[in-house]
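What follows is each chain in one-letter form.
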Amino acid sequence: MPGSEARPREAGAAAEAKVSGGATAEAEWVESDEPLLSARVHRPSDLMRMVLGLLGIGVVLVVANFAHGTTAGLEQDIDKGTQQAPPLLISLTGLASSIAVLLVPVAFAIERLIKRDGLRIADGVLAAVLAHGASLATDLWVAEAAPDSVRDALTKQITNTDITAPVHSYLAPVIAYMTAVGMARRPRWRVLLWAVLLLNAFAVLIPGYSTPFSIVVTVLIGWSVAYGTLYAVGAPNVRPTGQNLLAGLRHVGFRPVSAMRVEEPDGPEAEGHDPGERERGRRYRVTLEDGPPIDVTVVDRELQAHGFFYRVWRRLTLRGITQRRNLQSLRQALEQEALLAYAAIAAGANAPRLIATAELGPDAVMLVYEHIDGRSLDALPDEAVTDELMRTAWQQVATLQARRIAHRRLVGEALLADRSGNVYLTDLRGGEIAAGDVVLRMDVAQLMTTFGLRVGAERAVAAAVEVLGPDAVADSLPLLQPIALSRSTRTTLRRLAKERAQREREAVIEASRANREAHKEAHKDARGQTHREDRKSARAGKAAEKRAVDEALEEAREEDLLAQIRGQVLLIRPQAPIEPARLERIKPRTLVSLIAGVLAAYFLMTQLSQVEFSKVIGEANWAWVGGAVLFSGATYVAAAMSLLGFVPEKVPFVRTVFAQVAGSFVKLVAPAAVGGVALNTRFLQRAGVRPGHAVASVGASQLFGLGSHIVLLMIFGYLTGTEHTPTLSPSRTVIAGLLTAAVLTLIVTAIPALRRFVVNRLRGLFAGVVPRMLDVVQRPQKLATGIGGMLLLTLLFVMCLDACVRAFGYEASYASIAVVFLAGNALGSAAPTPGGLGAVDAALFAGLVTFGVPKEVATPAVLLFRLLTLWLPVLPGWLSFTQLTRKGAL
């Protein structure tokens, strides 16, 4: 609620009412809250809805293009089901839908005109005209340029010469009109709108005048055009002005003099606030002619829509926590806040008393509270946050919890302290009555964190224990986790974590710099050393630098606030449960894995649907197929060797092999060069390697792999050229590719901006590679493991591809197979598609054909190779990824 720290905005408009009486005139000045409001607002939500509608149209067209059999089967099923419908029902349905489509928009227009809301009708008419034009353009595109599969999905043959319209040019404008005028935001009209749409769909589907995809595209076109129109021209501003507020107060019996807007945090101060926190409404301090001032909260439809997607995500991902309804009417929101306000007062807690409630027209409501002259916790200086004030706040929370009332947002803004030291709990709108134990404990965890951010963990825990008791505080520890805290608190904790990491980084850099300077001074004093002594001195200096860095990092390391609070509670209750409660129903990583699995299955089925398995199985030599399987499986061992060879730290070998198997799943949903690097870096970090060292090790492995790849390609290319000198001529494609690469290189080096961009990217990727390579060079066994793993990995892939070719009765030289694989692998790493889909397959096929392998052999050989190295490892890769994630190794 507003306190004395609130800064009223300057009065931007004044309503002057002059009352003349005789020779004198009295003027009553009534201040409003803010400058004149714009007549229209461009809402980002309208733009987002338009984009979603366009994406929906794209998805429908893609499905229609690539799933022709599914669309045809769906139409046949609908035709079979509608053939049983009585003709009389079809006729009545068509008549009713035709009348309803015309009458409902007209009725709503009349209702809006009666209420003097003609701007909405104008917006609806404009949207309808544009939707009609979009429908005609879509019809023309489908008839002239669309693929046959899309045309078949959107149209239906009526006679030998006539087909149905791809888009209903009369229905799309109606949908655009209804959406633009806001019928969906009014419950009664919304029900009528859906009834009309369903009736019309039923009327055109049953007699076969349309297809399901045509109806969906029609609805999406109307929907997208409507929101695009609203965003372009702006939606009518429904926010009540200061004059509306003053008129509403007079209507419920108050005599206001002025209304001043209490500013919300803006700019950096507002960063991290919950979308749900911003929907509390605009707050005003109103001065009355008689009596103390009052505080008024105004909530309109625009503010109420804030945080919709955030609330949906929280409802889907969190369990055990009751979330309020995502879509509430203004009256429901008004009743909920009033209920919580009355319940808090009845429980005996200090809360602003609700005096009155009222509607400010059809699009806003207001709640009138008694004014409390105080300051919020966020506005108090640190020295004013005393132990007595914290105990007073905890007593108010204990009073609510005794009646099973949860506040759900005990942040600094919700705690108001007056001049007498009393603490009031405000912003009860998001609270909950008859709350469960989990939600009540969340309040305890949240308030401890709120106070801990101001006074430290020790004092915050002590105040809570003194009022609630050690058992109640200890029971809240499982809820002391970021996901259970408010979004603004999580943002503050992340900012503090970044500041701690920066201090640790600065301490490490300073220790390293001081050690190097000391080593240089010592080296100057020992210039007469032999080469062997000099090397020994360099190694000793490096070891000393590492010890200095470790000591500096240990000294600079700080515990985060939540860990400090746990530590303080454990000092009081050592047996307190500290295992975090599982609140997330589904984690973002799990959702990503699920989506990735669906995409992988889709790509796999697409590829395998093109293979004639009976012919391939009948012609394959299963001995060579078994050899290819063994070679493919051995590549994961070689990949683990090539990675660990550049990691001086001790990392479990078996777990590293499983991580490489997990990489076969990751690379299917991300470009191969990106997914593997990210997974190996994450794996090394979780294995205890420092983040900088992990990135440097993976970078060193990638850099050496690139170099060995180029060298092997040149060697095998030379060997292949000597084998085929009489017949093999330089490829024009290869020459063009080399010339293009050379031109791009010259352009990048010639333009300073591009050169800086490339240099910065490479420097960020390989910044720590050289020092890491120096560490590896000092361990010859490690270096031999890395180099051997690289060469063995390439050899195994070449042998696998060779076995796949031999499995179908053809023998090619190992040099030719090696060139084909190395070229295909290079394209796969550069291609932006997951797993190099398309690029690798085409490159391998073209390479084999170029070296004389018949197409009848090259096609099944490439499919078998990709099946063994890309598709079959997906399931074990997903299992390994899930298992390693569960064990905390990823």
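Residues numbered from 1 in each chain as written. Predicted model: local features only at pLDDT ≥ 70, side-chain atom pairs only at ≥ 80, totals over all residues. Heavy atoms only, no water.

Let's shift gears to the overall build of the chain. On a plain count of helices and strands, the chain comes out with 34 helices and 12 strands. Expressed as a percentage of the 890 residues in the chain, the buried residues total 43%. Taking as baseline every contact in the chain between residues at least 6 positions apart, the subset at least 24 positions apart corresponds to 77%. Carbon and sulfur atoms make up 62% of the accessible area of the chain, which totals about 45900 Å². (Helix = DSSP H or I, 4+ residues; strand = E, 2+ residues; numbered from the N terminus. Buried < 20%, exposed > 50% of the residue type's maximum accessible area, 1.4 Å probe, protein only. Contact = heavy atoms within 4.5 Å. Areas by Shrake-Rupley, 256 points an atom, 1.4 Å probe, with all protein chains shown as cover.)

Turning to the sheet that holds strand β11 (residues 415–418), a few remarks are in order. Strand order across the open sheet formed by three strands is β10-β11-β12, with antiparallel pairing between neighbours. Lying at the two open borders of the sheet, with one neighbouring strand each, are β10 (374–376) and β12 (423–425). Between one strand axis and the next, the sheet turns by 30° as a mean value, whatever way the strands run. Two strands pair when backbone bridges link them, and β11 and β12 are joined in this way by three bridges, in the antiparallel orientation. Within the sheet, the bridge partner assigned to leucine 416 lies in β12 and is tyrosine 424. Running at roughly 35° to β12, helix α14 (residues 387–402) makes contact with β11 and β12 of the sheet. (Pairing = 2+ DSSP bridges. Axes fitted to C-alpha atoms, helices over the stretch in contact; angles between N-to-C directions.)

Here we take up the pairing of strand β5 (residues 256–262). A regular strand places its side chains on the two faces of the sheet in alternate fashion. Among the seven residues that make up β5, five are buried, leaving the element largely enclosed by the rest of the structure. As judged from the six bridges shared by β5 and strand β6 (residues 282–288), these two strands associate in the antiparallel manner. Bridging across to β6, serine 258 finds its partner in threonine 287.

For the rest of this paragraph, the subject is the nonpolar core. Counting residues in hydrophobic clusters, the biggest one holds 49 residues, and the most contacted among them are Trp394, Met448, Phe451 and Ile565. Of all the secondary-structure elements, those providing two or more residues to this core are α13 (330–347), α14, β11, β12, α15 (437–455), α16 (457–468), α17 (470–475) and α20 (561–572). For this core, the element with the most residues is α15, which contributes seven residues. Once you skip the residues sitting within four places of it in the chain, methionine 448 turns out to touch Trp394, Ala460, Val461, Ala464, Val473, Ser476 and Ile565. Residues Val625, Ala803, Ala818 and Val820 belong to the second largest nonpolar core, which totals 36 residues. (Core = buried A, V, L, I, M, F, W, Y, C linked by side-chain atoms within 4.5 Å.)

This brings us to the state of the cysteines. One pass over the structure, following the stated rule, counts zero disulfides. Lacking any disulfide linkage, cysteine 800 is separated from the closest cysteine sulfur, that of cysteine 804, by 4.4 Å. Residue cysteine 800 is classed as buried on the basis of its relative accessible area, which comes to 0%. Given the relative accessible area of 0%, cysteine 804 is considered buried. (Disulfide = S-S within 2.5 Å.)

Describing two packed helices takes the angle between their axes plus the distance from one axis to the other. Where helix α30 (residues 780–806) meets helix α33 (residues 855–871), the axes come as close as 8 Å, and the angle between the chain directions of the two elements is 135°. In terms of axis orientation, α30 runs oblique to α33. Considering how the two elements wind past one another, α30 and α33 form a crossing that is right-handed. Note on element contacts: α33 touches α30 through Val857, Ala861, Leu864, Phe865, Leu868 and Thr869, opposite Phe797, Cys800, Leu801, Cys804 and Val805. Grouping the amino acids of the contact of α30 with α33 by side-chain chemistry returns 10 nonpolar, one polar and no charged. (Parallel < 35°, antiparallel > 145°, perpendicular 65-115°, else oblique. Left-handed = near helix turned anticlockwise from the far one by under 90°. Nonpolar A, V, L, I, M, F, W, Y, C, P; charged D, E, K, R; others polar.)

Each α-helix turn comprises 3.6 residues. Residues three or four places apart therefore point the same way. For α13, with 18 residues, the first-to-last C-alpha span of 26 Å sits near the 26 Å given by 1.5 Å per residue. Every buried residue of α13 is listed here: Leu330, Ala333, Leu334, Gln336, Glu337, Ala338, Leu340, Ala341, Ala343, Ala344 and Ala347. Immediately beyond the C-terminal end of α13, within one or two residues, lies glycine 348, with a positive phi of roughly 95°. (Expected span 1.5 Å × (residues − 1).)

A word on a nonpolar patch on the surface. Taken together, the side chains of Leu47, Met48, Val51, Leu52, Leu55 and Tyr231 present a nonpolar region at the surface, about 470 Å² in accessible area. Residue contributions to the nonpolar patch peak at five residues, all from helix α1 (residues 44–66). Residue placement: methionine 48 occurs in helix α1. (Patch = residues over 30% accessible without salt bridge, like charges linked within 9 Å, V, L, I, M, F, W, Y side chains within 5 Å. Salt bridge = Lys/Arg side-chain N within 4 Å of Asp/Glu carboxyl O.)

This part is about the packing of aromatic side chains. For the structure shown, the criterion picks out five aromatic pairs. Taking 5.2 Å as the distance between ring centres and 20° as the angle between the ring planes, the aromatic pair formed by phenylalanine 797 and phenylalanine 821 counts as stacked. Taken together, the residues phenylalanine 797 in helix α30 and phenylalanine 821 in helix α31 (residues 814–830) connect sequence positions 24 residues apart. A relative accessible area of 7% places phenylalanine 821 in the buried class. (Phe/Tyr/Trp six-rings, centres within 6.5 Å; stacked < 30°, edge-to-face > 60°.)

So, on to the side chain of serine 135. Here serine 135 is to be found in helix α4 (residues 118–144). Relative accessible area serves as the criterion here: at 0%, serine 135 is assigned to the buried category. Those residues in contact with serine 135 that sit more than four places away from it in its chain are Val167, His168, Ser169, Ala172 and Ile221.

Turning to the pattern of salt bridges, a few remarks are in order. Scanning the model with the defined rule gives 16 salt bridges in all. Between arginine 454 and aspartate 382 there is a salt bridge; the shortest N-O distance is 2.8 Å. Here the residue arginine 454 occupies a position in helix α15, and aspartate 382 occupies one in the loop between β10 and α14, the gap between them amounting to 72 residues. Between aspartate 427 and arginine 409 there is a salt bridge; the shortest N-O distance is 3.2 Å. Taken as a pair, aspartate 427 in the loop between β12 and α15 and arginine 409 in the loop between α14 and β11 lie far apart in primary sequence, 18 residues in all. In this pair, the class of aspartate 427 matches that of arginine 409, namely buried. Each of Arg283, Arg409, Glu413 and Asp427 takes part in a single network of salt bridges with overlapping partners.

Moving on, we get to α20. Over its 12 residues, α20 extends 17 Å from the first C-alpha to the last, a length consistent with the 16 Å expected when each residue adds 1.5 Å. What α20 keeps buried is the set Leu561, Leu562, Ala563, Ile565 and Val569.

Moving on, we come to the packing of α15 against α20. Close contact between α15 and α20 brings their axes to 10 Å; oriented N to C, the two are set at 110°. What the angle tells us is that α15 and α20 run roughly perpendicular. Contacts from Met448, Thr449, Gly452 and Leu453 of α15 reach α20 at Leu561, Leu562 and Ile565. Counted by class, the contact of α15 with α20 contains five nonpolar, two polar and no charged residues.

Let us now look at unusual backbone geometry. Backbone geometry places arginine 408, a non-glycine residue, at a positive phi of 75°. Structurally, arginine 408 is set in the loop between α14 and β11. Of note, alanine 434 is a non-glycine position whose phi angle comes to about 50°, a positive value. Considering the arrangement of structural elements, one finds alanine 434 in the loop between β12 and α15.

Another aspect to go through is the environment of valine 857. Tracing the sequence through the fold places valine 857 in helix α33. For valine 857, a relative accessible area of 10% puts it in the buried group. Measuring from C-alpha to C-alpha, the distance between valine 857 and valine 805 comes to 6.9 Å, with 52 residues separating the pair along the chain. Apart from residues lying up to four places away in sequence, valine 857 is in contact with Val805, Phe808 and Tyr810.

What follows is about the confidence of the model for the chain. Fine structural detail should not be taken from predicted coordinates in areas where pLDDT scores are low. Per-chain confidence: the chain averages 75 in pLDDT, with 67% of residues scoring 70 or above. Strand β1 (residues 14–21) is the least confidently modelled element of the chain, averaging 33 in pLDDT, while α14 averages 94, the highest of any element. Note that pLDDT drops below 50 for residues 1–36; the model gives that stretch 87 contacts with residues more than four away or on any other chain. Confidence over residues 723–737 falls short of pLDDT 50; this stretch has six contacts with residues more than four positions distant or in other chains. (pLDDT = per-residue confidence, 0-100.)

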